[in-house]
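Reading the structure
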Amino acid sequence: MLIETFADLTCPWCYIGKRRLSRALEQRPGIRADVRWQPFQLNPEMPPGGMARADYLAAKFGGAERARQIHRVVEETAERDGLPLALDRIQRTPSSFDAHRLIRIAGRRGLGNAMADALFTAYFTEGVDIGDRDALAATAALVGLDFAEARRLLGTDAEAASVHAADSLARQMGLQAVPCYIFNRRYALSGAQEPASFLPLLDLDAEEPENLSVVAG
């Protein structure tokens, strides 16, 4: 079964959703799932160097207090899921473009999902600036890639065109928020749904014809 996951590395609901999908797949051990990461930039206009977290939160949510209220909901949800989360460690909101590129670079070696997991963990539990190329290369080394080679590739335009193309495709499909999971290019499940919500879609016949239908908003 092909499962295409549209998400952003800076989205806490994508972090939670990825874990929930994994839990759902554990309940269907007979399914051979081909989970493919697809990039979606929540902040496509973010400068390459990112911006101070406090400034970003003020601009997006209208102030620190409103941001704290929203973060509290995210933190409580992550805690219920047993997922570590330390939003207070994040000092900068990065551009996620290079992180998406790195996932595609890692994907060449069959490590795309491992790379996504490592980047989520680095950002949401350690506050690593995943817009910094040295930090990205160090994270790549944790999943088995060569630091120097990863850093070299990040200094080129490797996978830049494919990230732009996939992000554009998502918007052409009408995606406005993530996470969104597309099963066999026929059905889509949007949002960080509970594991049980994935199960009916995991049980779909993998041979059904392509015809995208959004089944949850």
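Conventions we followed
Residues numbered from 1 in each chain as written. Predicted model: local features only at pLDDT ≥ 70, side-chain atom pairs only at ≥ 80, totals over all residues. Heavy atoms only, no water. 1 Å grid on protein atoms, 1.4 Å probe; cavity = no way out; pocket = protein on both sides within 12 Å on 5 of 7 lines; lining within 4 Å. Points joined across faces, edges and corners; volume = space filled by probe spheres on them. Helix = DSSP H or I, 4+ residues; strand = E, 2+ residues; numbered from the N terminus. Nonpolar A, V, L, I, M, F, W, Y, C, P; charged D, E, K, R; others polar. Buried < 20%, exposed > 50% of the residue type's maximum accessible area, 1.4 Å probe, protein only. Axes fitted to C-alpha atoms, helices over the stretch in contact; angles between N-to-C directions. Parallel < 35°, antiparallel > 145°, perpendicular 65-115°, else oblique. Left-handed = near helix turned anticlockwise from the far one by under 90°. Contact = heavy atoms within 4.5 Å. Polar contact = N/O pair within 3.5 Å; in protein donor to acceptor, adjacent residues only side chain to side chain. pLDDT = per-residue confidence, 0-100. Phe/Tyr/Trp six-rings, centres within 6.5 Å; stacked < 30°, edge-to-face > 60°. Lys NZ or Arg CZ within 6 Å of the ring centre and 35° of its normal.

Another aspect to go through is the layout of surface pockets. Computed from the structure, the largest pocket encloses a volume of approximately 410 Å³. Residue lining of the largest pocket: 20 residues in total, with P12, W13, L42, K60 and F61 positioned closest to the centre. Elements that contribute at least two residues to the lining of the largest pocket include exactly α1 (12-26), α2 (53-61) and α3 (64-80). Ranked by residues supplied to the lining of the largest pocket, first place goes to α2 with five residues. Broken down by class, the residue content of the lining of the largest pocket amounts to 13 nonpolar, five polar and two charged.

Below, the discussion takes up the environment of A116. With respect to the secondary-structure elements, A116 resides in helix α5 (residues 112-126). Overall, the relative accessible area of 0% leaves A116 in the buried class. The spatial distance from the C-alpha of A116 to the C-alpha of E194 is 20 Å, given a sequence separation of 78 residues.

Bringing the packing of α1 against α5 into the picture now. The description of two packed helices rests on the angle between their axes and on the distance between the axes. Their axes nearest at 11 Å, the elements α1 and α5 cross at an angle of 130°. For the element pair α1 / α5, the angle class is oblique. For the element pair α1 and α5, the recorded crossing hand is left-handed. Where α1 abuts α5, its residues P12, C14, Y15 and K18 lie against N113, A116, D117, F120, F124 and T125. Its residues assigned to classes, the contact of α1 with α5 comprises six nonpolar, two polar and two charged.

Turning to helix α6 (residues 133-142), a few remarks are in order. Within α6 the residues assigned to the buried category are A135, L136, A137, T139 and A140. Elements in contact with the buried residues of α6: α4 (97-107), α5 and α7 (147-154). Where α6 starts, the residue carrying a side-chain oxygen 3.1 Å from the main-chain nitrogen of D134 turns out to be D132. Following α6 by one or two positions, G144 adopts a phi angle in the positive range, close to 110°.

Here A59 lies in helix α2. On the accessibility criterion, A59 (66% relative accessible area) is exposed.

One rule of thumb: low pLDDT means the predicted coordinates there are not for detailed reading. For the protein, the average pLDDT comes to 91, and 94% of its residues sit at 70 or higher. Low pLDDT, under 50, characterises residues 209-217; the stretch is placed with 25 contacts to residues that sit more than four places away or in other chains.

Turning to the packing of aromatic side chains, a few remarks are in order. Within a pair of aromatic rings, the relevant descriptors are the distance that separates the centres and the angle that separates the planes. Counting across every chain of the model gives seven aromatic pairs. Ring geometry for Y15 against F124: centres 5.1 Å apart, planes inclined by 10°, an arrangement best described as stacked. With a gap of 109 residues between them, Y15 in helix α1 and F124 in helix α5 connect regions that are remote in the sequence. Assessed through its relative accessible area of 1%, F124 is described here as buried. Where Y123 meets F124, the ring centres are 4.8 Å apart and the plane angle is 75°; that geometry is what we call edge-to-face. Each member of the pair, Y123 as well as F124, carries the same accessibility label: buried. In textbook terms, an aromatic cluster arises when at least three aromatic residues are bridged by ring pairs, as seen for Y15, W37, F120, Y123 and F124. Over the aromatic face of F40 sits the side chain of R171, whose NZ or CZ is 4.2 Å from the ring centroid.

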